[in-house]
Amino acid sequence: MNIVDRFLSYVKFDTQSDELTNLTPSTPGQMVFAEHLKAELEAMGLEEITLDDNGYLMATLPANTDAELPVVGFIAHLDTSPDMSGRHVSPRIVQKYDGGDIVLNADKGIVLSPAEFPELLHYVGHDLIVTDGNTLLGADDKAGIAEIISAVDYLKAHPEIKHGKIRIAFNPDEEIGQGAHKFDVPLFGADWAYTMDGGEIGELEYENFNAAVARVTFVGRNVHPGYAKHKMINSMRIANQFVIMLPRWETPEHTEGYEGFYHLVGMEGTVEKSVLTYIVRDHDRDRFERRKKELEHLARKINHEFPDCCSIEIKDQYYNMREKVEPVMHVVDIAEEAMRRAGIKPKVQPIRGGTDGAQLSFKGLPCPNIFAGGLNFHGRYEFVPIPSMEKAAEVIVEIAKLVAERKA
């Protein structure tokens, strides 16, 4: 099976994660997909295949040399984003993209256009896999899974390519920030690893946001509006007051690069009670801590005006992996060289987000992030160029070769 056929078969599995279930995996479709992959890996003849009750699938391609080589891992996640449906994904291939509009769904007038997504023009002449406009595609991260399995399949079919022991893993619930929570690093047994979970071709990342989630609760008092003067406390109006107290320009739509932000991701309320949910992001740890303190400061200001109205709960999610990867920068150097060997110009840049690799790095498994090739993740306009997936698989092969050569 080639990489395209693999990918097209994988996106048929509905694997959206759901942070409300408090289960691992958070949805049953992820385990169904993991069991399918387990059977595929067994048919390939891989070894040390394990699938635990939490949906963590691991396997080994044994070394084919007697040299003492590091164990390198490759990781991708099973789930797709809950931001849009991943059920009944119906992908199609646009052959030799001509640079014009791509009609995803004529009946609904849904068009993937370079006028809105200019990055499309980077892929003129490439075969693209797109959606039908009703769902996301699932390249995040089923492209990564297809790339890892295809690369391992290639190495197994070409024993003349010498390599050390290679471990692969596919985990649930990355999209809800829980992918590494129950990842058994000692069982995985790699010296370092790479997540195949980046975007455009060439991306290589070893810096990510420090991340927290904040839930701000406002308690009001409801009174008949006809008799409410000096009695009613409308929690929704107070919540709105809190929102506008935060800096207007420090939001995702106004930031880039290393700039952090406050992002309001949820709001619900009645007169009696309202809840705001924010995610807080910053690459710099000190600025990250200051952002959290600013939220607490604003909560105190609200309580000064409306006593005991506001409470806030802040929970750290993950930290910038840079501090764990920098002491072993050879793992980044190897990935850069592998890309060059594959004819790709590396784009080393910070992740404006997080990956499982961030948490894994803090659990003792240094884990930079390599491109999977897809673009416009988490929505109906998601697409992946087929040559980008093929190059990602080639990079994995080149990493395996480089590790063996460096120890030869």
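Everything here concerns the structure above.
Anyway, here's the lowdown on the structure attached to this text. Being a predicted model, the structure only gives us computed values, none of them experimental.

So, the nonpolar core
- If you look at the biggest cluster of nonpolar residues, it comprises 74 residues, and the most contacted ones within it are Phe-7, Phe-170, Tyr-194, Ile-370 and Ile-399.
- Residue contributions to this core peak at eleven residues, all from helix H10 (residues 386-407).
- The contacts of Phe-7, once residues within four sequence positions are left out, are Ile-129, Leu-137, Gly-138, Ala-139, Lys-142, Ala-143, Ala-146, Val-384 and Met-389.
- Counting 19 residues, the second-largest nonpolar core is a separate cluster that includes Ala-212, Val-216, Ile-238 and Cys-310.

Brief notes about the side chain of Ser-235
- The topology assignment puts Ser-235 in helix H5 (residues 235-245).
- A polar contact of 2.6 Å, which involves the side chain of Ser-235, links it to the backbone oxygen of Thr-270.
- Beyond its immediate sequence surroundings of up to four residues, Ser-235 is in contact with Phe-218, Val-219, Gly-220, Thr-270, Val-271, Glu-272, Lys-273 and Ser-274.

Quick notes on the side chain of Thr-355
- Assignment of secondary structure puts Thr-355 in the loop between strand S15 (347-348) and helix H9 (356-362).
- Judged by relative accessible area, which is 5%, Thr-355 ranks as buried.
- Reaching out from Thr-355, the side chain makes a polar contact with the backbone nitrogen of Gly-357 at a distance of 3.0 Å.
- Not counting the four nearest positions on each side in its chain, Thr-355 is found in contact with Glu-174, Thr-195, Asp-197, Met-321 and Asn-369.

Observations concerning the pattern of salt bridges
- Scanning the model with the defined rule gives 22 salt bridges in all.
- Linking Arg-6 and Glu-40 is a salt bridge whose minimum nitrogen-to-oxygen distance equals 2.8 Å. Of this pair, Arg-6 sits in helix H1 (residues 3-10) while Glu-40 sits in helix H2 (residues 28-44); the two residues are 34 residues apart in sequence, bridging distant segments of the chain.
- Given the relative accessible area of 4%, Arg-6 is considered buried.
- With a relative accessible area of 14%, Glu-40 lands in the buried category.
- A salt bridge links Asp-316 to Lys-292; its shortest N-O distance comes to 2.8 Å. Remark: Lys-292 occurs in helix H6 (residues 285-305) and Asp-316 occurs in strand S14 (residues 310-318); sequence separation between them is 24 residues.
- Here Asp-316 falls in the partly exposed class, since its relative accessible area comes to 28%.
- A network of salt bridges, in which partner residues are shared, links Glu-336, Glu-337, Arg-340, Arg-341, Glu-398, Lys-401 and Glu-405.

Remarks on the sheet that holds strand S1 (residues 47-51)
- Pairing is mixed across the open sheet formed by eight strands, whose spatial order is S1-S2-S8-S3-S9-S16-S10-S15. Two strands in the sheet have a free side with no partner beyond their single neighbour: S1 and S15.
- Its contacts with the sheet place helix H3 (residues 139-157) against strand S2 (57-61), strand S3 (72-77), strand S8 (166-171), strand S9 (192-198) and strand S16 (369-371), and it is angled at close to 145° to S3.

Thoughts on H3
- Counted at 1.5 Å a residue, the expected span for H3 with its 19 residues is 27 Å, and the 25 Å between its end C-alpha atoms agrees.
- Of all 19 residues in H3, 15 are buried, a share of seventy percent or more.

Considerations on the sheet that holds strand S12 (residues 261-269)
- One open sheet accounts for four strands, arranged S12-S13-S11-S14; its pairing is antiparallel. Across the chains shown, the open sheet's two edge strands, defined by having one partner strand only, are S12 and S14. On average, each strand axis in the sheet is tilted by 15° relative to the strand beside it, whichever way the strands run.
- Bridge count for strand S11 (residues 210-219) against strand S13 (residues 273-282) is ten bridges, and the pairing is antiparallel. Bridging across to S13, Ala-214 finds its partner in Tyr-278.
- Contacts from H6 reach S11, S12, S13 and S14, with the element oriented near 165° to S14.

Conventions used here
Residues numbered from 1 in each chain as written. Predicted model: local features only at pLDDT ≥ 70, side-chain atom pairs only at ≥ 80, totals over all residues. Heavy atoms only, no water. Core = buried A, V, L, I, M, F, W, Y, C linked by side-chain atoms within 4.5 Å. Buried < 20%, exposed > 50% of the residue type's maximum accessible area, 1.4 Å probe, protein only. Helix = DSSP H or I, 4+ residues; strand = E, 2+ residues; numbered from the N terminus. Contact = heavy atoms within 4.5 Å. Polar contact = N/O pair within 3.5 Å; in protein donor to acceptor, adjacent residues only side chain to side chain. Salt bridge = Lys/Arg side-chain N within 4 Å of Asp/Glu carboxyl O. Pairing = 2+ DSSP bridges. Axes fitted to C-alpha atoms, helices over the stretch in contact; angles between N-to-C directions. Expected span 1.5 Å × (residues − 1).

Structural measurements only, silent on function.
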